[in-house]
Amino acid sequence: MKFDVVTLFPKMFEGVFGESMIKRAVDKKIVEIKTHDMRQWAWNSYGAVDDKPYGGGVGMLIRVDVIAKAIKNLKSKSPKSKVLLTSARGKRFTQKDAERLGKYENLIIICGHYEGFDERVSELVDEEISIGDYVLTGGEIPAMVIIDSVTRLLPGVLGKDISSKEESHSTPGYIEYPQYTRPENYDGKKVPGVLLSGDPKKIKVWLTQQSKQAGQEEDIPS
Ligand SMILES: C[S@@+](CC[C@H](N)C(=O)[O-])C[C@H]1O[C@@H](n2cnc3c(N)ncnc32)[C@H](O)[C@@H]1O
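Residues numbered from 1 in each chain as written. Predicted model: local features only at pLDDT ≥ 70, side-chain atom pairs only at ≥ 80, totals over all residues. Heavy atoms only, no water.

1. Describing the site of the ligand
To keep things clear, this is the line we draw: Here a residue counts as near a molecule or strand whenever at least one of its heavy atoms sits within 4 Å of it. Nitrogen and oxygen atoms within 3.5 Å of one another constitute a polar contact, given that in protein one can donate a hydrogen and the other can accept it, and given that sequence-neighbouring residues count only through two side-chain atoms. For the accessible areas, the method is Shrake-Rupley and the probe is 1.4 Å, while residue cover comes only from the protein chains on display. Numbering of helices and strands runs from the N terminus; a helix is a DSSP stretch of H or I covering at least four residues, while a strand is a stretch of E covering at least two. Residues are grouped as follows: Ala, Val, Leu, Ile, Met, Phe, Trp, Tyr, Cys and Pro are nonpolar; Asp, Glu, Lys and Arg are charged; every other residue, Gly included, is polar.
Surrounding the ligand, one finds 21 residues, the nearest of these being Thr86, Gly112, Glu115, Tyr134 and Leu136. One of the backbone nitrogen or oxygen atoms of Ile131 is found 3.0 Å away from a nitrogen atom of the ligand. For the ligand, whose free accessible area comes to 580 Å², the fraction covered by protein is 84%. Of all the elements in the fold, those that place two or more residues in the shell around the ligand are β5 (82-92) and β7 (127-130). No other element matches β5, which puts four residues into the shell around the ligand. Here the residues of the shell around the ligand are counted per class, giving nine nonpolar, ten polar and two charged.

Rendered as structure tokens:
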């Protein structure tokens, strides 16, 4: 699977994806993550990608012609790419979206900045994705969130012992049960006795109860 990321700050991705599981997924050629400096599609020779909003207002907007050129260029190499726009106004990203997006061969992710995009950019993309109800300075962290959550679900990325099937949010409202490791007693905080019982049936019942209880405390979407 390939990710093409259009960004004003390609270097931001080096640290995050230069370590740990995602780096291993890249090394194993399960994913390719390519960043593209948005300024190569600038509208003037100074590398500008933004302009003042019509009607006034604070801040600058990324121009539609810049993004159109970026998408055209990247799609000419991978015509079947799905184009995602990072946007605080977009649909809230969930684990289900991570599973769904992992089925595409190529995702183009566009990272905004400044006050966001000219409205007409919305017509050029397949989906607008928000990672939560707050506003970040740019779309780079949302793009990293999408790439990380999609990649870790791809076959061969997680170790054999680690399953993504029974994790928090794998089904809406499901929250993983509490887990413990050594020491058995830390400063008076003890591991629940049932986990030390050695009785697999009892343990399974307890774990199921615990994840149900946690799920009830969650804000389950209706
Ligand atoms: C400062 S924000 C623009 C916010 C915009 N003026 C608004 O009120 O919706 C700049 C860029 O950061 C990204 N961004 C900010 N918050 C985001 C979020 N919660 N989810 C996804 N992208 C976000 C988007 O790419 C956005 O274009």
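2. Focus: a nonpolar patch on the surface
To keep it simple, the criterion reads: Residues qualify for a patch when their relative accessible area is over 30% and they have no salt bridge, like charges being joined within 9 Å and the nonpolar side chains of Val, Leu, Ile, Met, Phe, Trp and Tyr within 5 Å. What makes a salt bridge here is a side-chain nitrogen of Lys or Arg within 4 Å of a carboxyl oxygen of Asp or Glu, nothing more.
A surface patch of nonpolar side chains, about 500 Å² in accessible area, is lined by Phe9, Met12, Tyr134, Leu136, Ile141 and Val145. In this fold, Tyr134 is placed in the loop between β7 and α5 (140-151).

3. Quick look at the side chain of Ser87
Short version of the rule: Only protein chains enter the calculation, and the probe is 1.4 Å; a residue is then buried if its accessible area is under 20% of its type maximum, exposed if over 50%, and partly exposed in between. Two residues form a contact once any of their heavy atoms are found within 4.5 Å.
Relative to the helices and strands, Ser87 resides in strand β5. By relative accessible area, which is 15% here, Ser87 ends up buried. A distance of 3.4 Å separates the side chain of Ser87 from the side chain of Glu128, its partner in a polar contact. Aside from chain neighbours lying at most four places away, what touches Ser87 is Glu128, Ile129 and Ser130.

4. Thoughts on unusual backbone geometry
At the junction of Arg182 and Pro183, the peptide bond is cis and its omega measures out at 5° in the coordinates. Looking at the secondary structure, you find Pro183 in the loop between α5 and β8 (185-186). Positive phi is not limited to glycine here, since Tyr114 has a value of about 55°. For Tyr114, the location among the structural elements is in the loop between β6 (106-110) and β7. For His169, which is not glycine, the phi torsion reads 75° and is therefore positive. Within the secondary structure, His169 is located in the loop between α5 and β8.

5. Thoughts on the environment of Asp65
By secondary structure assignment, the location of Asp65 is in helix α3 (residues 64-77). A polar contact of 2.7 Å, which involves the side chain of Asp65, links it to the side chain of Arg63.

6. Here we look at the packing of aromatic side chains
As a reminder, the rule being used: Two rings from Phe, Tyr or Trp (for Trp, the six-membered ring) form a pair when their centres sit within 6.5 Å of each other. Planes less than 30 degrees apart are called stacked, planes more than 60 degrees apart edge-to-face, and all others tilted.
Inspection of the entire model under this criterion finds one aromatic pair. Here the aromatic rings of Phe13 and Phe17 are separated by 6.2 Å at their centres, their planes lie at 35°, and the arrangement is tilted. A residue pair is termed a helical-turn pair when its members lie 3 or 4 positions apart in one helix, as Phe13 and Phe17 do in helix α1 (residues 12-17) at four residues. With respect to class, Phe13 is no different from Phe17; both count as buried.

7. As for α5
Using the following cut-off: In this analysis, the expected span of each helix is defined as 1.5 Å times one less than the number of residues it contains.
Across its twelve residues, α5 extends 16 Å between first and last C-alpha, which sits within 8% of the 16 Å expected from 1.5 Å per residue. Restricting attention to buried positions, one finds in α5 the residues Glu140, Pro142, Ala143, Met144, Ile146, Ile147, Ser149, Val150 and Thr151.

8. A few points about the domain arrangement of the protein chain
Note the following rule: How far each domain reaches was decided by an automatic or database domain assignment.
We note that the domain assignment places domain 1 (2-151) and domain 2 (173-218) within the protein chain. Using C-alpha coordinates to define each centre, domain 1 is positioned 39 Å away from domain 2.

9. Quick look at the sheet that holds β5
This is how the line gets drawn: Paired strands are those between which DSSP finds at least two bridges. For helices, the fitted line uses only the C-alpha atoms of the stretch in contact; every axis is such a line through C-alpha atoms, and the angle between N-to-C directions lies from 0 to 180 degrees.
One open sheet accounts for five strands, arranged β2-β1-β6-β5-β7; its pairing is parallel. Among the strands making up the open sheet, the edge pair consists of β2 (32-37) and β7. Neighbour to neighbour, the strand axes of the sheet diverge by 30° on average, direction disregarded. Here strand β1 (residues 2-7) runs beside β6; their pairing, made up of five bridges, is parallel. Note on β6: the bridge partner recorded for Lys2 is Asn106. In this fold α5 packs onto β1, β2, β5, β6 and β7, with an angle of close to 175° to the strand it touches most, β1.

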